[in-house]
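As a plain string of letters, each chain reads:
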Amino acid sequence: VLLAGGRHRPDRTALSLDLPRPDLHSDVVNLLDQFILQHVQVSLIEAKLKSAPPAEGTREAQVELKLTPRPVKADAGDALPAYQVSAQLSCRSDAKDESAPRFIARVGVEAVYQQINGDPLDMSAFSAHHGSLTRQLYPLLQQELRLLLVRLGLEQVKLPFDLPARVEISDNQTVEVSGSVH
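This report concerns the structure included in the present document.

Comments concerning the nonpolar core
Leu 89, Cys 91, Leu 137, Leu 145, Leu 149 and Leu 159 are the most contacted members of the largest nonpolar core, which totals 30 residues. Broken down by secondary-structure element, the contributors of at least two residues to this core are strand E3 (62–71), strand E4 (82–94), strand E5 (102–115) and helix H2 (134–151). Sequence-distant contacts of Leu 159, defined by excluding residues within four places in its chain, comprise Val 63, Cys 91, Tyr 138, Gln 142, Leu 145, Arg 146 and Leu 149.

Okay, structure coming up:
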């Protein structure tokens, strides 16, 4: 959501998670109970400003978060698995109004999670529940994206600071986050 002039407005921001659809009858698993963040590295910083930001006015922007897990090749002696998660956060405004800024900004990180307890979790189980990592990865991405938007002169773009503790995945795999914009 783009807010200018220091105004705050409650709104709904859609975050789309690139997650496989979990079994509706399975228990919700918080992977942060069994995995630690072993390594994180910024892997993508990309921006394109198509038109300059206006001095005033309220505009809409789309925010999207995508997570893609994959296994990390284990050493023969490793009893518990590790997984790499590619996470990308993008924000875009393709307003048709010529007075509105048109831009796309995207940041990404590569995160490695090492399982530290419990029975070894296979790739399908990790993939089914990797959405539980969003509350740890989103603030890292949000900070990088916020700094990138400021460098583009888009200080008026206000991103949510946090996500809900539990995300619901709809049929189209979109998570809706609502509340006041900070």
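This is not the end of the story, as more comes after the structure.
Description of the packing of aromatic side chains
For the structure on display, the rule yields three aromatic pairs. Arranged with centres 6.1 Å apart and planes meeting at 55°, the rings of Phe 35 and Tyr 83 form a pair that is tilted. One end of the pair, Phe 35, is in strand E2 (residues 35–51); the other, Tyr 83, is in strand E4, and 48 residues separate them in sequence. Both residues of the pair, Phe 35 and Tyr 83, belong to the buried class. The interplanar angle of 20° and the centroid separation of 4.3 Å between the aromatic rings of Tyr 83 and Phe 126 together place this pair among those described as stacked. Note that Tyr 83 is positioned in strand E4 and Phe 126 in helix H1 (residues 123–129), a separation of 43 residues in sequence. There is no split in this pair, since Tyr 83 and Phe 126 are both buried.

A word on the sheet that holds E4
Reading across from one edge, E2-E5-E4-E3 is the order of the four strands in this open sheet, with antiparallel pairing throughout. A strand with exactly one partner marks an edge of an open sheet, and here the two such strands are E2 and E3. Averaged over all adjacent pairs, the angle separating strand axes in this sheet is 15°, with direction ignored. Across the face of the sheet, H2 comes into contact with E2, E3, E4 and E5 while running at roughly 145° to E5.

Some points on the environment of Leu 31
Along the polypeptide, Leu 31 turns up in the loop between strand E1 (10–16) and E2. Considering only alpha carbons, one finds Leu 31 and His 129, 98 residues apart in sequence, at a separation of 6.9 Å. Leave out the neighbours within four places in its chain, and Leu 31 touches Leu 121, Phe 126, His 129, His 130, Ser 132 and Leu 133.

Rules used in this analysis
Residues numbered from 1 in each chain as written. Predicted model: local features only at pLDDT ≥ 70, side-chain atom pairs only at ≥ 80, totals over all residues. Heavy atoms only, no water. Core = buried A, V, L, I, M, F, W, Y, C linked by side-chain atoms within 4.5 Å. Buried < 20%, exposed > 50% of the residue type's maximum accessible area, 1.4 Å probe, protein only. Helix = DSSP H or I, 4+ residues; strand = E, 2+ residues; numbered from the N terminus. Contact = heavy atoms within 4.5 Å. Phe/Tyr/Trp six-rings, centres within 6.5 Å; stacked < 30°, edge-to-face > 60°. Pairing = 2+ DSSP bridges. Axes fitted to C-alpha atoms, helices over the stretch in contact; angles between N-to-C directions.

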